[in-house]
Amino acid sequence: MLMDISSEMIHALLPLYMVTVLGTSVLAVGLIEGIAEATASITKVFSGALSDRLGKRKLLAVVGYGLGALTKPVFPLAPALEWLVGARFVDRVGKGIRGAPRDALVADIAPAHLRGAAFGLRQTLDTIGAFTGPLLAMGLMWWTANNFQTVFWVAVVPAFLAVAVLVFAVREPKVVAPRQVRAPLSRSELARLGTPYWWVVGVATVFTLARFSEAFLILRAESVGLPLMWAPAVLVVMGVAYALSAYPAGALSDRVSRTAVLSAGLVLLVAADLVLAFAGDAWGLALGVALWGLHMGFTQGLFNAMIADHAPAELRGTAFGMFNLLTGVALLLASVIAGALWDAVGHQGTFLAGAGFAVLTLIGLAAVRWRLRAA
């Protein structure tokens, strides 16, 4: 939660800062965002495998969160776009290092019958940070008359608090059979992940093509005439909807089919894309962004829970790492496609393409539901 407060204070303003202050194109924003997130996902596969090999989840999480905190002062100090891109890149490396070990740690701690609720709760706490950060950014932008650097400096504080909490308050449980894993990324170990796991990853990869970076939501806010100071409100609305739905959706998935809850999330994404494609004012924007947040709540924790359901306990770090690698590459493609469509035909092309990929994911999810029942 604390790291999300820090990151979202910066990310809520960074796309507008690059476009309005530094003169960056929307395609370049999409490329930068896609590369940043893909970097995080590629790093996760190695950190997840290493956490399986060492049996040390917390150590890697501390390294990852610490690296993220150390990059935060670069944002207010950066003299040019290249510095921002570099800081964003290193920050995402830190996210990649901590991501898979952290998710594996949650899976190690949570009882199997409450796994959906556990990942839903994690998503809720993340998302409380994700909308608290933009709220603070808006207040500071108003108080400082749109001084981006001041907001970026304040964001440094919760980042270092996050590292302190992890170091001094988190206790790592005894890991499950770390000695059984000799080479987590070998073909034989990856084969042990099983066919149901790879079906879930395949659907998640297609789904990621539909949910490009939230930077495009902020740019959509600017396109309907929302003042710079209020642009972070987009992430606040999205974050509130996300936080309110993530835990109930996760808990519901413990009682009913996870694929049924995921299907509902995909329908919400199609609705969000259609509204955002054709919204002409702030009220339409708010509805579309709220639907986007609800779809996040109904999908993000669910995919993590399904990975934990179908991966062997001693390979959970590797399982989350491979999942994040493939979805990260898809996110890079999604953000580049979204930026190119925006520059070429406008925002409608971007959001209608997202709706199309969401429909494809629904079709794929029906196949996964059948395969999981047969497994």
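Residues numbered from 1 in each chain as written. Predicted model: local features only at pLDDT ≥ 70, side-chain atom pairs only at ≥ 80, totals over all residues. Heavy atoms only, no water.

Draft legend 1. Just empty space enclosed by the protein, in detail. By the definition in use, this model includes two cavities of 30 Å³ or more. Quantified by volume, the largest cavity comes out at close to 50 Å³. Surrounding the largest cavity, Leu-209, Phe-212, Ala-334, Ile-337, Ala-338, Thr-350, Ala-353, Gly-354 and Phe-357 form its lining. Elements with a contribution of two residues or more to the lining of the largest cavity: helix H16 (316-345) and helix H17 (347-374). A per-element tally of the lining of the largest cavity places H17 first, with four residues. When grouped by side-chain class, the residues that make up the lining of the largest cavity number seven nonpolar, two polar and no charged. (1 Å grid on protein atoms, 1.4 Å probe; cavity = no way out; pocket = protein on both sides within 12 Å on 5 of 7 lines; lining within 4 Å. Points joined across faces, edges and corners; volume = space filled by probe spheres on them. Helix = DSSP H or I, 4+ residues; strand = E, 2+ residues; numbered from the N terminus. Nonpolar A, V, L, I, M, F, W, Y, C, P; charged D, E, K, R; others polar.)

Draft legend 2. Quick peek at the nonpolar core. Formed by 66 residues in total, the largest nonpolar core has its most connected members in Tyr-197, Trp-292, Phe-303, Ile-307, Phe-320 and Phe-351. For this core, the secondary structure elements donating two or more residues are helix H6 (81-109), helix H11 (195-210), helix H12 (215-223), helix H13 (233-253), helix H14 (258-278), helix H15 (282-310), H16 and H17. For this core, the element with the highest residue contribution is H15, accounting for eleven residues. Residues within four places of Phe-303 in sequence aside, it is in contact with Val-200, Val-203, Ala-204, Phe-207, Leu-262 and Phe-323. In terms of nonpolar packing, the next biggest core, distinct from the first, is built from 21 residues, Val-29, Ile-32, Ala-78 and Ala-215 among them. (Core = buried A, V, L, I, M, F, W, Y, C linked by side-chain atoms within 4.5 Å. Buried < 20%, exposed > 50% of the residue type's maximum accessible area, 1.4 Å probe, protein only. Contact = heavy atoms within 4.5 Å.)

Draft legend 3. Expanded view of the packing of H13 against H15. For the pair H13 and H15, the least separation of the axes is 7 Å and the interaxial angle reads 35 degrees. Pair H13 / H15 crosses with right-handed handedness. The residues of H15 that touch H13, namely those facing Val-234, Val-237, Met-238, Ala-241, Tyr-242, Ser-245, Ala-246, Ala-249, Gly-250 and Ser-253, are Leu-285, Ala-286, Val-289, Ala-290, Trp-292, Gly-293, Leu-294, Met-296, Gly-297, Phe-298, Gln-300 and Leu-302. Per-class residue counts for the contact of H13 with H15 are 16 nonpolar, six polar and no charged. (Axes fitted to C-alpha atoms, helices over the stretch in contact; angles between N-to-C directions. Left-handed = near helix turned anticlockwise from the far one by under 90°.)

Draft legend 4. Region of interest: the confidence of the model for the protein chain. Averaged over the protein chain, the pLDDT score is 81; the fraction of residues at 70 or greater is 91%. Averaged pLDDT values over the elements of the protein chain bottom out at 71 in helix H3 (residues 26-54) and peak at 92 in H14. (pLDDT = per-residue confidence, 0-100.)

Draft legend 5. Spatial organisation of the packing of aromatic side chains. Per the stated rule, a full pass over the model turns up seven aromatic pairs. Judged by centre distance (6.0 Å) and plane angle (40 degrees), the ring pair of Phe-119 and Phe-320 falls under tilted. A residue pair is termed long-range when its members are at least 10 positions apart, and Phe-119 in helix H7 (residues 115-143) and Phe-320 in helix H16 qualify at 201 residues. You'll find Phe-119 and Phe-320 in the same group, each marked buried. With a centroid separation of 5.0 Å and an interplanar angle of 80 degrees, the aromatic rings of Tyr-197 and Trp-198 are classed as edge-to-face. Assessed through its relative accessible area of 0%, Tyr-197 is described here as buried. Linked through ring pairs, Phe-207, Phe-303 and Phe-323 together constitute an aromatic cluster. When the ring centre of Tyr-65 is taken as reference, the NZ or CZ atom of Arg-98 above it lies at 4.4 Å. (Phe/Tyr/Trp six-rings, centres within 6.5 Å; stacked < 30°, edge-to-face > 60°. Lys NZ or Arg CZ within 6 Å of the ring centre and 35° of its normal.)

Draft legend 6. Seen up close, the pattern of salt bridges. Counting across every chain of the model gives five salt bridges. Put simply, Lys-72 and Asp-91 hold a salt bridge, and the shortest N to O gap is 2.9 Å. Taken together, the residues span a long stretch of sequence, with Lys-72 in the loop between helix H4 (57-71) and helix H5 (74-77) and Asp-91 in helix H6 at a distance of 19 residues. This pair shows no difference in class: Lys-72 is buried, exactly as Asp-91 is. Residues joined by salt bridges that share partners form a network here, namely Lys-72, Asp-91 and Arg-92. (Salt bridge = Lys/Arg side-chain N within 4 Å of Asp/Glu carboxyl O.)

Draft legend 7. Representation of the side chain of Thr-259 within the structure. One can find Thr-259 in helix H14. Here Thr-259 falls in the buried class, since its relative accessible area comes to 5%. Of the polar contacts made by the side chain of Thr-259, one reaches the side chain of Ser-257; its length is 2.6 Å. (Polar contact = N/O pair within 3.5 Å; in protein donor to acceptor, adjacent residues only side chain to side chain.)

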